[in-house]
Amino acid sequence: MKEFFSNKRKVRGFKEFLYILPFLILVLIFSYYPLYGWVYAFFDYKPPFPLSWDKFVGLKWFKSMVENDIKLKQLLTVMRNTFAMSGISLFFSWFPMIFAVFLNEIKCKPFQKVVQTVTTLPNFISWVLVYSIAYSVFNSTGVVNSIGMKLGLFDTPQMFLQSADHIWFKMWLWLTWKNAGWAAIMYLAAIAGIDEELKEAAKVDGASRMQIIRYITIPSILPTYFVLVMLNLANFLSNGMEQYFVFQNAFNKDSIQVLDLYVYNLAMGSGGYSLSTAISILKSVVSIILLCVTNKVSKLIRGEGFI
Amino acid sequence: MSKEPTMKTKKVKYKVSFGDRLISVLTYIIYSIFAFVCAYPFYYIFINTISANNLSERGKIIFLPKEIHFTNYQQVMKITGLFQALKVSLARTIIGTFVTVIVAAFLGYMFTRETLWHRKLWFRMVAATMYFNAGIIPWFITMKNLGLTNNFWVYIFPVAVQPFYIILCKTFVESVPKELQDAAEIDGAGTLRIFFQIIIPVIKPILATVAIFAAVAQWNSFQDTLLLVTDDKLYTLQYTLYNYINQASSLKALVNNSSSMEALAASLAHASTATSIRMTVTIVVVTPIILVYPIFQRFFTKGIMIGAVKG
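Because the structure is a prediction, the values reported are computed rather than measured. Every chain is numbered independently, its residues counted from 1 as its sequence is written. Think of it this way: whatever chain is written first is A, whatever ligand is written first is 1, and the rest follow in order. For this predicted model, a pLDDT threshold of at least 70 governs which residues receive local features, and a threshold of 80 or more governs which side-chain atom pairs are given and counted, while totals over whole chains, interfaces and linings are taken from all residues. The basis for every side-chain value is the complete set of non-hydrogen atoms in the structure, without hydrogens or water.

Undergrad: Describe the overall build of chain A, naming the residues involved and giving the relevant values.
TA: Helix and strand definitions here come from DSSP, where helices need a minimum of 4 consecutive H or I residues and strands a minimum of 2 consecutive E residues; each element is numbered from the N-terminal end. When its secondary structure is counted, chain A shows 14 helices and zero strands. In chain A, the order of α-helices and β-strands from amino to carboxyl end is α-α-α-α-α-α-α-α-α-α-α-α-α-α. Radius of gyration (C-alpha) of chain A: 26 Å, far over the 19 Å computed for a compact globule of 307 residues. When accessible area is computed with a 1.4 Å probe and restricted to protein chains, residues below 20% of their type maximum are described as buried, those above 50% as exposed, and intermediate ones as partly exposed. When each of the 307 residues of chain A is scored for burial, the buried share is 49%. Residue contacts follow a heavy-atom distance rule, with two residues in contact if any of their heavy atoms lie within 4.5 Å. Pairs at least 24 apart in sequence give 63% of the contacts found in chain A among residues at least 6 apart. The globule rule used for comparison is 2.2 Å times the number of residues to the exponent 0.38, while the radius of gyration itself is calculated over C-alpha atoms.

Undergrad: Talk me through the overall build of chain B; I want residue IDs and the actual numbers.
TA: The helix and strand inventory of chain B stands at 15 helices and zero strands. Counting across all 311 residues of chain B, residues that qualify as buried make up 50%. In chain B, the share of contacts with a sequence separation of at least 24, taken over all contacts with a separation of at least 6, comes to 72%. Surface accessibility of chain B: about 15700 Å² in total, with carbon and sulfur atoms responsible for 66%. Surface exposure here means Shrake-Rupley accessible area, sampled with a 1.4 Å probe, where a residue is shielded only by the protein chains that are shown.

Undergrad: Go over the interface of chain A and chain B with me, naming the residues and quoting the values.
TA: Opposite the 92 residues of chain A that make contact, chain B presents 91 residues. Summing both partners gives a buried area of about 8300 Å² for chain A against chain B, and 75% of it is carried by carbon and sulfur. E16(A) is the partner of R113(B) in a salt bridge, and the nearest nitrogen-oxygen pair spans 2.9 Å. Sorting elements by how many residues they give to the side of chain A that touches chain B places helix α1 (residues 2-32) of chain A first, with 17 residues. Any residue outside Ala, Val, Leu, Ile, Met, Phe, Trp, Tyr, Cys, Pro, Asp, Glu, Lys and Arg is labelled polar, Gly included; the first ten of those are nonpolar and the last four are charged. When its residues are assigned to classes, the side of chain A that touches chain B shows 62 nonpolar, 20 polar and 10 charged. The quantity reported as buried area is the accessible area (1.4 Å probe) lost by two parts once they are put together, taken as the sum for both. In the sections that follow, a salt bridge refers to a side-chain nitrogen of Lys or Arg positioned within 4 Å of a carboxyl oxygen of Asp or Glu.

Undergrad: How would you sum up the pattern of salt bridges? Please name residues and give values.
TA: Residue and element names in this part refer to chain A. Applying the stated criterion across every chain yields a total of nine salt bridges over all chains. E16 is the partner of R12 in a salt bridge, and the nearest nitrogen-oxygen pair spans 3.8 Å. Of the two residues, R12 and E16 are both situated in helix α1; the distance of four residues between them amounts to about one turn of the helix.

Undergrad: Can you break down unusual backbone geometry residue by residue, with the values?
TA: Backbone geometry at H166(A) places phi at a positive 50°, although glycine is not the residue there. Here H118(B), not a glycine, exhibits a phi torsion of approximately 55°, which is positive. You can see H118(B) is positioned in the loop between α4 (82-110) and α5 (119-128). Since its relative accessible area comes to 45%, H118(B) is described here as partly exposed.

Undergrad: Could you give me a rundown of the environment of I45(B), with the residues and numbers involved?
TA: If you trace the backbone, I45(B) turns up in helix α1 (residues 18-49). Note on I45(B): relative accessible area 1%, which makes it buried. Sequence-wise, I45(B) and L168(B) are 123 residues apart; in three dimensions their C-alpha atoms are separated by 37 Å. Leaving out residues up to four positions away in the same chain, I45(B) has contacts with I133(A), S136(A), M279(B), T282(B) and I283(B).

Undergrad: How would you explain the side chain of T120(A) if you had to name every residue and give the values?
TA: Residue and element names in this part refer to chain A. Along the chain, T120 turns up in helix α5 (residues 109-120). For T120, a relative accessible area of 0% corresponds to the buried category. N or O atoms closer than or at 3.5 Å make up a polar contact, with two conditions inside protein: a donor-capable atom paired with an acceptor-capable one, and, for residues adjacent in sequence, both atoms drawn from side chains. A distance of 2.5 Å separates a polar atom in the side chain of T120 from the backbone oxygen of Q116.

Undergrad: Requested: an account of the environment of N235(A), with residues and values cited.
TA: Residues and elements named next belong to chain A. Counting through the fold element by element, N235 comes out in the loop between α10 (209-234) and α11 (242-247). Classification of N235 by relative accessible area gives partly exposed; the value is 44%. Residues N235 and I288 lie 53 residues apart in sequence; the distance between their C-alpha atoms is 9.3 Å.

Undergrad: Which residues make up the packing of α4(B) against helix α12 (residues 237-246) of chain B, and what values go with them?
TA: Residues and elements named next belong to chain B. The axes are straight lines fitted to the C-alpha atoms, using for helices just the contacting stretch, and the angles between their N-to-C directions are given from 0 to 180°. Contact pair α4 / α12: the axes reach a minimum separation of 8 Å and the direction vectors enclose 145°. Touching L82, A85, L86 and S89 of α4 are L237, T240 and Y244, all from α12. Here the residues of the contact of α4 with α12 are counted per class, giving five nonpolar, two polar and no charged.

Undergrad: Residue-level account of the packing of aromatic side chains, with values.
TA: Here the aromatic set is Phe, Tyr and Trp, taking the six-membered ring for Trp, and pairing holds for ring centres within 6.5 Å; pairs whose planes are under 30 degrees apart are stacked, those over 60 apart are edge-to-face, and all others are tilted. On inspection of all chains with the given rule, the structure shows 56 aromatic pairs over all chains. Look at F91(A) and F92(A): their rings are 5.2 Å apart centre to centre, the planes differ by 85°, and that puts the pair in the edge-to-face class. For F92(A), a relative accessible area of 21% translates into the label partly exposed. Centre to centre, the rings of F245(A) and Y264(A) are 5.4 Å apart; their planes meet at 90°, and the pair counts as edge-to-face. Of this pair, F245(A) sits in helix α11 while Y264(A) sits in helix α13 (residues 259-270), and the two are 19 residues apart along the sequence. One exposure class covers both F245(A) and Y264(A), and it is buried. Ring pairing ties together the aromatic residues F91(A), F92(A), W94(A), F95(A), F99(A), F169(A), W172(A), Y31(B) and F34(B), which thus form one cluster. The rule for a charge over a ring is simple: NZ of Lys or CZ of Arg within 6 Å of the ring centre, and within 35 degrees of the ring normal. Here the guanidinium or amino end of K178(A) rests over the ring plane of W127(A), the centre of that ring lying 5.1 Å away.

Undergrad: Account for the nonpolar core, naming residues and giving values.
TA: Remark: nonpolar core denotes a set of buried residues (Ala, Val, Leu, Ile, Met, Phe, Trp, Tyr, Cys) joined through side-chain atoms within 4.5 Å. If you look at the biggest cluster of nonpolar residues, it comprises 149 residues, and the most contacted ones within it are I20(A) and F247(A). For this core, the element with the most residues is α4(B), which contributes 12 residues. Setting aside its immediate chain neighbours within four residues, F247(A) contacts W127(A), V130(A), Y131(A), A134(A), L161(A), M171(A), W174(A), N252(A) and I256(A). Formed by 15 residues, the second largest nonpolar core is a distinct cluster that contains V78(A), L237(A), L259(A) and L275(A).

Undergrad: Give me α1(B): which residues, what numbers.
TA: Its 32 residues place the ends of α1(B) 46 Å apart at the C-alpha level, agreeing with the 46 Å of an ideal helix rising 1.5 Å per residue. Roughly 35° is the biggest bend found in α1(B), and it falls at A39(B), with proline P41(B) one to four residues downstream. Expected span, for any helix, means 1.5 Å times one less than how many residues it has. Two axes are fitted around each residue, one to the seven residues ending there and one to the seven starting there, and the angle between them is reported as the bend at that residue.

Undergrad: Explain helix α14 (residues 273-302) of chain A to me, and be specific about the residues and the numbers.
TA: For α14(A), with 30 residues, the first-to-last C-alpha span of 42 Å sits near the 44 Å given by 1.5 Å per residue. Trailing α14(A) by a residue or two, G303(A) shows a phi angle of about 90°, which is positive.

Undergrad: How would you explain the state of the cysteines if you had to name every residue and give the values?
TA: To count as a disulfide, a pair of cysteine sulfur atoms needs to be within 2.5 Å. Across all of its chains, the model carries zero disulfides over all chains by this definition. With no disulfide of its own, C38(B) lies 18 Å from the sulfur of C108(A), the closest cysteine sulfur.

Undergrad: Can you lay out the side chain of Q181(B) for me, pointing to particular residues and giving the numbers?
TA: All names here are of chain B. Within the secondary structure, Q181 sits in helix α8 (residues 178-186). The exposure class assigned to Q181 is buried, which follows from its relative accessible area of 7%. Ignoring anything within four residues of it in the chain, the contact list for Q181 reads Y109, R113, V173, I194 and I199.

Undergrad: I'd like a description of a positive patch on the surface, backed by residues and values.
TA: Only residues whose relative accessible area exceeds 30% and that take part in no salt bridge are eligible for patches, with like-charged residues grouped when within 9 Å of each other and nonpolar side chains (Val, Leu, Ile, Met, Phe, Trp, Tyr) grouped when within 5 Å. Charge assignment: positive for Lys and Arg, negative for Asp and Glu; neither His nor the chain ends contribute. Charge positions come from single atoms, namely NZ of Lys, CZ of Arg, CG of Asp or CD of Glu. A cluster of like positive charges, contributed by K150(A), R58(B), K60(B) and K66(B), occupies part of the molecular surface. By the secondary structure assignment, K60(B) is in the loop between α2 (53-57) and α3 (71-78). The partly exposed category is assigned to K60(B), whose relative accessible area is 45%.

Undergrad: Summarise the packing of helix α6 (residues 127-138) of chain A against helix α8 (residues 167-192) of chain A; cite the residues concerned and give the values.
TA: Residue and element names in this part refer to chain A. Closest axis-to-axis distance for the α6/α8 pair is 12 Å, and the angle between their directions is 120°. Relative to α8, the element α6 lies oblique. Crossing of α6 over α8 shows right-handed handedness. Each of W127, V130, I133, A134 and F138 in α6 lies in contact with α8, whose residues at this interface are W174, L175, W177 and K178. Tallied by class, the residues present in the contact of α6 with α8 amount to eight nonpolar, no polar and one charged. Oblique is the label for every angle not falling under 35 degrees (roughly parallel), over 145 degrees (roughly antiparallel), or within 65 to 115 degrees (roughly perpendicular). Two helices crossing with the near one rotated counterclockwise from the far one by less than a right angle form a left-handed crossing, whereas a clockwise rotation gives a right-handed crossing.

As structure tokens, this is what we get:
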């Protein structure tokens, strides 16, 4: 009787497996099967022709990255850009936290609500739209140039989007414009979870608002901050390409090209399929190592990882 | 600092020092600037689309619209290709969201079924895909081999199974009392019947969250069109807008082509310009987001809290 029951369970479990099988196949096709494409990094692949063994070149592309001076120089520039952009956002990663802390201090609830709503909105529009907005506001007849010229800040229209000046910082500003409000929500949720009694007790003891922020609010949300910094670190090489793709042009290309964008430009622009695959393999390997290391660090410090 | 013994209040109050007050004022000012910087660009573009085009072309519209008209919106609808792009964007958003949500709910539920054969293994297999990515070229070649380039379904299938949404649903299902499922099982309900009749109604809140996340992602998606689609019948609004910004010259030609006779007839104030078209299309693309945004706001805090617990 017992065996019959467990058999029935087994049959049912297998039937359930059949239900999810189509979706597992989708995952295999769209997430695992593309990994097979990594072999292109070891061949001399020219798109219309299928792969054949006589095109096998071994580690040629990997070696060419360091042996070919032009490529090496290009790659170093790209790495510099990647490190600069990721570095700046890491350096300012405290910003959404402070944004949330002081937003939470605002007494006038409607004002708080409006600020929160309005600053979160840009997170939900695409980078193409952000660029379209940037173009409208900053082009030669845009509002910034109109007002700037009226106030006499400059005589001729400034080409804000066409110049490479401060491009790393500008990219960080756009990123912050888009994401800060959204990132703050996570901290606001954490702040809402702080025990009110703790704050009341501090008030009774005569703590000022700044003291409460410093000794109660911030320490309570530091764990959240820590997790986000770790995630930031793990994604250090992956800035994504969309933002930089839409903002890139002939004038700023040298300083805006991050690793993800470089891989795209290399393949789609100049047909370097194999080299570009080789670079993305190296990137993936480094990213996975970073993820494991940061996860380990998180485990050591907090007692739990984030994977 | 001496305390005033005469001051008797029931509620404990902060000591309001000069510093505190200064901070208070500063916060209001700084947050007002933030809010302005985030909201003004949308407003600026909107008032430009409804103002006289010759004024807007010269950057004269800054705070208030002048000589209000709505011909820009009528003009934009006449551009061949734009309406098609709108249809594609709507179709991918509706179909894509539906598929993603159903799959997330179903797998989220199935991964809580203890009877499922090798449950942990499959769950890990799906969840692991969050952490790696083959890269653009292998992806491109895979899609080509599968015949998904220049195919509408490239917008749907690759994003159907999304581990993050599945985890959100799974966490939610786990919080539902097990007795509900057990009772149904005693009544002889099968796995699928439990899913459709019991699980789905109970997990509606999380499904709404996932639906809105997925819909916004579909609407905003740009990279897939850029990489995998060259057939202009399958261009999305985002991609079309991107082209409009970068091809001001051809845009002018487009305007002159589509309405050369009307341009002569129309006054200078109403004739389309590259600027007016770009801005009007921007408003068209951003409006759906602004419309669903209030609904969104109700759900996302909930979603992010669940995500935060897990993540």
